[in-house]
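Residues per chain are reported as follows:
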Amino acid sequence: MALRSALLNVMVMAARKAARGLARDFGEVEQLQVSRKGPADFVSAADHRVEKLLVTELRKARPDWSFRLEEGGDIEGRDPSHRWVIDPLDGTTNFLHGVPHFAISIGVEREGEPVCGVILDPVKDELFLAEKGGGAFLNDRRLRVSARSKLPDALIATGLPFNGKEGHDLSARELAVMMPEIAGIRRMGAASLDLAYVAAGRYDGFWERGLKPWDVCAGIVLVREAGGVVTGIQGTGDPVGGGSILAANDSLHGALKTLLAKA
Ligand code: IPD
Ligand code: CA
Ligand code: CA
């Protein structure tokens, strides 16, 4: 890619540093699978370690910016118009079970709008990054959303609620309207990567309910900079704080919205 901005450089360096520890911890987790207690506490400690490291590194570069952290909550900085939105480990259930599909996700909001995103999958060594107006990239390759325009050709990702979450019936109805119309559904378990894969044209769309800002902030920038459309599931609304998201290429976004409305 062309010269990276100073901001993206800061984010990439922080993500890479954090990823080294996370990759080591993932190796440990595989050993812990067989223990009776399982690796849950270990994984939670790893998660918190990554978040702390990211806060330290990012604060060095932008001391005044605010934070929205999955584990640590909101930290108001002297500059409230800029906020880091961070999921230190997206795909925790995968990580916990030794499934190699998880990511570190770092987004930046300016005046509440997602403007910069870095998503790093340390196992596959895939670094997705985007900045408003500067395009979206996977490692050094420019990304574009897929050109598929027909539902029967479309591979669509989603996330499903699990124990302790709401909306099981609605999700079942959404799957029922979606399945007969499209080429396939994937539930891979890391929303940030689902969005990154839409940006990369691997998936043709993604929808999910009940997500939090740190799941989607970075991914939204990626999809938009790759030429895609991101809204709430009803086709309007704020996909960051609104709790539901629909991302797709321009041709499929409307058709997916219409299908989901039937659920
Ligand atoms: C989860 C993942 C998953 C999504 C869940 C999220 P976590 O994040 O992104 O794909 O379906 O709703 O909470 O807990 O692994 O950071
Ligand atoms: Ca998450
Ligand atoms: Ca997480």
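What you see is a predicted model, and the numbers here were worked out from it, not measured in a lab.

Undergrad: Can you lay out the coordination of the calcium ion (ligand 2) for me, pointing to particular residues and giving the numbers?
TA: In this structure, Asp 87 (OD), Asp 90 (OD) and Asp 215 (OD) serve as the protein donors to the calcium ion (ligand 2), at separations of 2.1 to 2.3 Å. Along the chain, the residues that donate to the calcium ion (ligand 2) are spaced as D-x2-D-x124-D. A spacing of 3.8 Å is found between the calcium ion (ligand 2) and the calcium ion (ligand 3), which share Asp 87 as a donor. Within this pair, whereas Asp 87 is found in strand β3 (residues 79-90), its partner Asp 215 is found in helix α6 (residues 213-225), the two being separated by 128 residues in sequence.

Undergrad: Let's hear about the sheet that holds strand β9 (residues 155-158): which residues, and what values?
TA: Read across the open sheet, the five strands follow the order β10-β9-β11-β13-β12; overall the sheet is mixed. Each edge of the sheet is formed by a strand with only one pairing partner; in this case those strands are β10 (184-186) and β12 (229-231). Strand-to-strand twist in this sheet, taken as the mean axis angle between neighbours without regard to direction, amounts to 15°. For β9 and β10, the ladder comprises three bridges, and the chain directions are parallel.

Undergrad: Tell me what's going on with unusual backbone geometry, and back it up with residues and numbers.
TA: Its identity as a non-glycine residue notwithstanding, Glu 111 has a phi of 50°, on the positive side. For Glu 111, the location among the structural elements is in the loop between β4 (103-110) and β5 (113-121). One non-glycine residue with positive phi stands out, namely Asp 125, at about 50°. When you line up the elements, Asp 125 lands in the loop between β5 and β6 (126-131). The exposure class assigned to Asp 125 is partly exposed, which follows from its relative accessible area of 45%.

Undergrad: Explain the coordination of the calcium ion (ligand 3) residue by residue, including any values.
TA: Summarising the metal site, the calcium ion (ligand 3) is bound by the protein donors Glu 70 (OE), Asp 87 (OD) and Leu 89 (O), whose distances to it range over 2.1 to 2.4 Å. Here the donor residues of the calcium ion (ligand 3) are spaced in sequence according to E-x16-D-x1-L.

Undergrad: Requested: an account of the site of ligand 1, with residues and values cited.
TA: By nearness alone, 14 residues border ligand 1, and Asp 90, Gly 91, Thr 92, Arg 187 and Glu 208 come closest of all. Contact with the protein chains covers 87% of the free accessible surface of ligand 1, which is 380 Å². Here the shell around ligand 1 takes three residues from β3, the largest share from any one element. When grouped by side-chain class, the residues that make up the shell around ligand 1 number four nonpolar, three polar and seven charged. Composition of the shell around ligand 1 by domain shows at least three residues from each of domain 1 (6-142) and domain 2 (151-261).

Undergrad: Outline helix α4 (residues 168-178), listing residues and values.
TA: Turning to α4, its buried residues number three or more, namely Ser 171, Glu 174, Leu 175, Val 177 and Met 178. In an axial view of α4, the angular spread of the buried residues amounts to 165°, which keeps them on one side of the axis.

Undergrad: Pulling in residues and values, what's your account of the packing of aromatic side chains?
TA: Think of a pair of aromatic rings as described by two things: how far the centres are apart, and how the planes are tilted against each other in angle. Enumeration according to the criterion identifies six aromatic pairs in this entry. Judged by centre distance (4.7 Å) and plane angle (80°), the rings of Phe 95 and Phe 102 are edge-to-face. Residue classification places Phe 102 among the buried residues on the basis of a relative accessible area of 0%. The positively charged end of Arg 202 is found above the aromatic ring belonging to Tyr 197, 4.6 Å away from the centroid.

Undergrad: Tell me what's going on with the pairing of strand β1 (residues 65-69), and back it up with residues and numbers.
TA: Within β1, four of the five residues are buried, which leaves the element mostly enclosed by the surrounding structure. Summarising the sheet, β1 and β3 pair through five bridges and their orientation is parallel. From the neighbouring strand, Ser 66 faces β3, where its bridge partner is Arg 83. Bridge count for β1 against strand β2 (residues 73-75) is three bridges, and the pairing is antiparallel. Paired with Leu 69 across the strands is Gly 73, a residue of β2. What sits between β1 and β2 in their antiparallel hairpin is a turn of three residues.

Undergrad: Account for the environment of Val 223, naming residues and giving values.
TA: The residue Val 223 is located in helix α6 in this model. Residue Val 223 is classed as buried on the basis of its relative accessible area of 0%. With 202 residues separating them in the primary sequence, Val 223 and Gly 21 have C-alpha atoms 28 Å apart.

Undergrad: Report on the domain arrangement of the chain, specifying residues and quantitative values.
TA: The assigned domain composition of the chain is domain 1 (6-142) and domain 2 (151-261). Contact with domain 1, which involves 37 residues of that partner, is made by 22 residues of domain 2. Across the domain 1/domain 2 interface, buried area totals approximately 2,200 Å², and carbon plus sulfur atoms make up 66% of it. Contact with domain 2 buries area across many residues of domain 1, yet His 101, Pro 114 and Phe 128 alone supply 26% of it, more than any other trio. Linking domain 1 to domain 2 there are one salt bridge. Where domain 1 meets domain 2, there are seven residue pairs in polar contact (both at pLDDT 80 or more). Looking at the side of domain 1 that touches domain 2, the elements with two or more residues in it are β1, β3, β4, β5, β6 and β7 (135-138). Ranked by residue count, the leading element in the side of domain 1 that touches domain 2 is β5, at seven residues.

What counts and how
- Residues numbered from 1 in each chain as written.
- Chains lettered and ligands numbered in written order.
- Predicted model: local features only at pLDDT ≥ 70, side-chain atom pairs only at ≥ 80, totals over all residues.
- Heavy atoms only, no water.
- Donors = N, O, S within 2.8 Å, 3.2 Å for Na, K, Ca; no water.
- Helix = DSSP H or I, 4+ residues; strand = E, 2+ residues; numbered from the N terminus.
- Pairing = 2+ DSSP bridges.
- Axes fitted to C-alpha atoms, helices over the stretch in contact; angles between N-to-C directions.
- Buried < 20%, exposed > 50% of the residue type's maximum accessible area, 1.4 Å probe, protein only.
- Near = heavy atom within 4 Å.
- Areas by Shrake-Rupley, 256 points an atom, 1.4 Å probe, with all protein chains shown as cover.
- Nonpolar A, V, L, I, M, F, W, Y, C, P; charged D, E, K, R; others polar.
- Domains from an automatic or database assignment.
- Arc of directions from axis to C-beta.
- Phe/Tyr/Trp six-rings, centres within 6.5 Å; stacked < 30°, edge-to-face > 60°.
- Lys NZ or Arg CZ within 6 Å of the ring centre and 35° of its normal.
- Contact = heavy atoms within 4.5 Å.
- Buried area = accessible area lost by both parts, 1.4 Å probe.
- Salt bridge = Lys/Arg side-chain N within 4 Å of Asp/Glu carboxyl O.
- Polar contact = N/O pair within 3.5 Å; in protein donor to acceptor, adjacent residues only side chain to side chain.

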